[in-house]
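# Structure assessment
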Amino acid sequence: MKGKAGAPDPSLYLWWIGAEATPDGLLESVRGHMDRVFGMTTRVWHGRERPPHAFDPKRNQHSSTRILEWLLHAGPGAPHRVLAVTDMDLFIPVLTFVFGEAQLGGRAAVVSTARLEPAPTPALRGGRLLASRLAKEAVHELGHAFGLVHCDRVRCVMSRSSSLIEIDAKGGGFCDDCWTRYLDLREHPGSSHD
Ligand SMILES: [Zn+2]
Ligand SMILES: [Zn+2]
């Protein structure tokens, strides 16, 4: 498909911005899941830059909001959407931590692996449980970036999850209502209401 007036079609990008090397196979597994759920090709962005002002020494955590601001100019640029994945612990001021954050109806989202493995052991690091949790959080935050809001259905990937139990209880994809809304938002960005 060709974009209008020479503008490229919006794509999805996945960008590892962690301190450690990417856990083996993790991004590829998340990328494959995103392709299936969003019905779009997800590309990997290989930028070596890291968000310079996101660390808060008082909290010993990284500000997800500052990472989102940075992503808008450091990443692939408009009209593309970018999901950053980090191993740093993320926060927003009113919460102890967040699994991730996104700009509602915007272009940037970030998720962290830091709280997805409460007691990482060498044998479990980068394992299937982490991949599954990360894939759900990736879709959830990008869903917000497309303009989707939280869903009441506990099995839907857009249901609110503030604990690992809630993440593990939900599926990796949209319910029928969220899927319909997603298709509408993808075709008509900015039409979100509720
Ligand atoms: Zn959410
Ligand atoms: Zn839903």
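Residues numbered from 1 in each chain as written. Chains lettered and ligands numbered in written order. Predicted model: local features only at pLDDT ≥ 70, side-chain atom pairs only at ≥ 80, totals over all residues. Heavy atoms only, no water.

### Brief notes about the coordination of the zinc ion (ligand 2)
Protein coordination at the zinc ion (ligand 2): the donors are Cys151 (SG), Cys156 (SG), Cys175 (SG) and Cys178 (SG), at 2.3 to 2.4 Å from the metal. For the zinc ion (ligand 2), the 4 donor atoms in the first shell make angles of 106 to 112 degrees at the metal, so the coordination geometry reads as tetrahedral. For the zinc ion (ligand 2), all donor residues lie on one chain, and their spacing in sequence is C-x4-C-x18-C-x2-C. A residue pair is termed long-range when its members are at least 10 positions apart, and Cys151 in the loop between helix H3 (128-146) and helix H4 (164-169) and Cys175 in the loop between H4 and helix H5 (176-187) qualify at 24 residues. For Cys151, a relative accessible area of 13% translates into the label buried. With a relative accessible area of 12%, Cys175 lands in the buried category. (Donors = N, O, S within 2.8 Å, 3.2 Å for Na, K, Ca; no water. Tetrahedral: all angles 85-135°; square planar, octahedral: opposite > 155°, others 65-115°. Helix = DSSP H or I, 4+ residues; strand = E, 2+ residues; numbered from the N terminus. Buried < 20%, exposed > 50% of the residue type's maximum accessible area, 1.4 Å probe, protein only.)

### Observations regarding the nonpolar core
One finds Met34, Phe38, Leu83, Val85, Met158 and Phe174 to be the most contacted residues of the largest nonpolar core, which totals 37 residues. Mapped by element, the contributors of at least two residues to this core are strand E1 (12-16), helix H1 (26-38), strand E5 (81-86), strand E8 (108-112), H3, H4 and H5. Residue contributions to this core peak at 8 residues, all from H3. Residue contacts for Met34: discarding those within four places in its chain leaves Leu14, Gly39, Met40, Thr42, Leu83, Ala138 and Leu142. With 16 residues, the next largest nonpolar core counts Trp15, Leu71, Leu90 and Ile92 among its residues. (Core = buried A, V, L, I, M, F, W, Y, C linked by side-chain atoms within 4.5 Å. Contact = heavy atoms within 4.5 Å.)

### Observations concerning unusual backbone geometry
The linkage connecting Ala78 with the following residue, Pro79, adopts the cis geometry, with an omega of 5 degrees. Look at Asn60: it is not a glycine, yet its phi comes out positive at around 55 degrees. Locating Asn60 in the fold gives a position in the loop between strand E3 (55-56) and strand E4 (61-63). For Asn60, a relative accessible area of 58% corresponds to the exposed category.

### Regarding the packing of aromatic side chains
Per the counting criterion, the structure on display carries 10 aromatic pairs. Their ring planes at 65 degrees and their centres at 5.5 Å tell us that Phe38 and Tyr182 sit as a pair that is edge-to-face. Here the residue Phe38 occupies a position in helix H1, and Tyr182 occupies one in helix H5, the gap between them amounting to 144 residues. Accessibility assignment for this pair places Phe38 and Tyr182 in one class, buried. (Phe/Tyr/Trp six-rings, centres within 6.5 Å; stacked < 30°, edge-to-face > 60°.)

### Observations regarding the coordination of the zinc ion (ligand 1)
Only His140 (NE2), His144 (NE2) and His150 (NE2) from the protein reach the zinc ion (ligand 1) as donors, at distances of 2.0 to 2.1 Å. Along the chain, the residues that donate to the zinc ion (ligand 1) are spaced as H-x3-H-x5-H. Classification of His144 by relative accessible area gives buried; the value is 11%. Residue classification places His150 among the partly exposed positions, given a relative accessible area of 33%.

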